[in-house]
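Fold and geometry: a report
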Amino acid sequence: MVPPGELLLSTSHHDAHQRGHQGSLTNTSLANRIRRLVAWINQEATTQDLPGQTIPADPHGPISPSRWRRTLACA
């Protein structure tokens, strides 16, 4: 997915603004991307008439980067 030795979510590959920050995306950037991903999934599920494929609102609040990492680790 990325060149050898690079971070999976590095700013060099995933920061459209290229603000000079090096390393991985910030927690804020990651949280915004997760939020937009959930919105996109729900929009696509609705468009495709697949209501069972939507991601429901979480009673614990928005999915944070730390919760996202735990989800990926369990997958």
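Residues numbered from 1 in each chain as written. Predicted model: local features only at pLDDT ≥ 70, side-chain atom pairs only at ≥ 80, totals over all residues. Heavy atoms only, no water.

The protein appears in an unreviewed UniProt entry as Integrase from Kitasatospora putterlickiae.

1. Looking at the overall build of the protein
For the protein, the count of helices and strands is three helices and zero strands. Long-range contacts, defined as pairs at least 24 residues apart, comprise 22% of the intrachain contacts of the protein with a sequence gap of at least 6. As presented, the protein carries roughly 6,000 Å² of accessible surface, and 58% of it is formed by carbon and sulfur atoms. (Helix = DSSP H or I, 4+ residues; strand = E, 2+ residues; numbered from the N terminus. Contact = heavy atoms within 4.5 Å. Areas by Shrake-Rupley, 256 points an atom, 1.4 Å probe, with all protein chains shown as cover.)

2. Examining the confidence of the model for the protein
If pLDDT is low for a region, its predicted coordinates should not be looked at in detail. On average, residues of the protein score 76 in pLDDT, and 63% of them reach the 70 mark or higher. Ranking the helices and strands of the protein by mean pLDDT puts helix α2 (residues 27–47) first, with 88, and helix α1 (residues 11–14) last, with 57. (pLDDT = per-residue confidence, 0-100.)

3. Examining α2
Given 3.6 residues per helical turn, the α-helix brings residues three or four places apart onto the same face. Compared with an ideal rise of 1.5 Å per residue, which puts 21 residues at 30 Å, α2 spans 30 Å between its outermost C-alpha atoms and is within 8% of the ideal. When α2 is considered as a whole, its buried residues turn out to be L30, I34, V38, N42 and A45. Within α2, the buried residues cover an arc of 110 degrees as seen down the axis, which keeps them to one side. Along α2, the residues that are exposed and aim more than 90 degrees away from the buried face are T28, T46 and T47. Looking one or two residues past α2, D49 carries a phi angle of roughly 55 degrees, positive in sign. (Expected span 1.5 Å × (residues − 1). Buried < 20%, exposed > 50% of the residue type's maximum accessible area, 1.4 Å probe, protein only. Arc of directions from axis to C-beta.)

4. So, unusual backbone geometry
Here D49, not a glycine, exhibits a phi torsion of approximately 55 degrees, which is positive. Here D49 is to be found in the loop between α2 and α3 (65–74).

5. Quick notes on the environment of A39
Within the element layout of this structure, A39 appears in helix α2. Linking A39 and I55, residues 16 residues apart in sequence, is a C-alpha distance of 8.5 Å.

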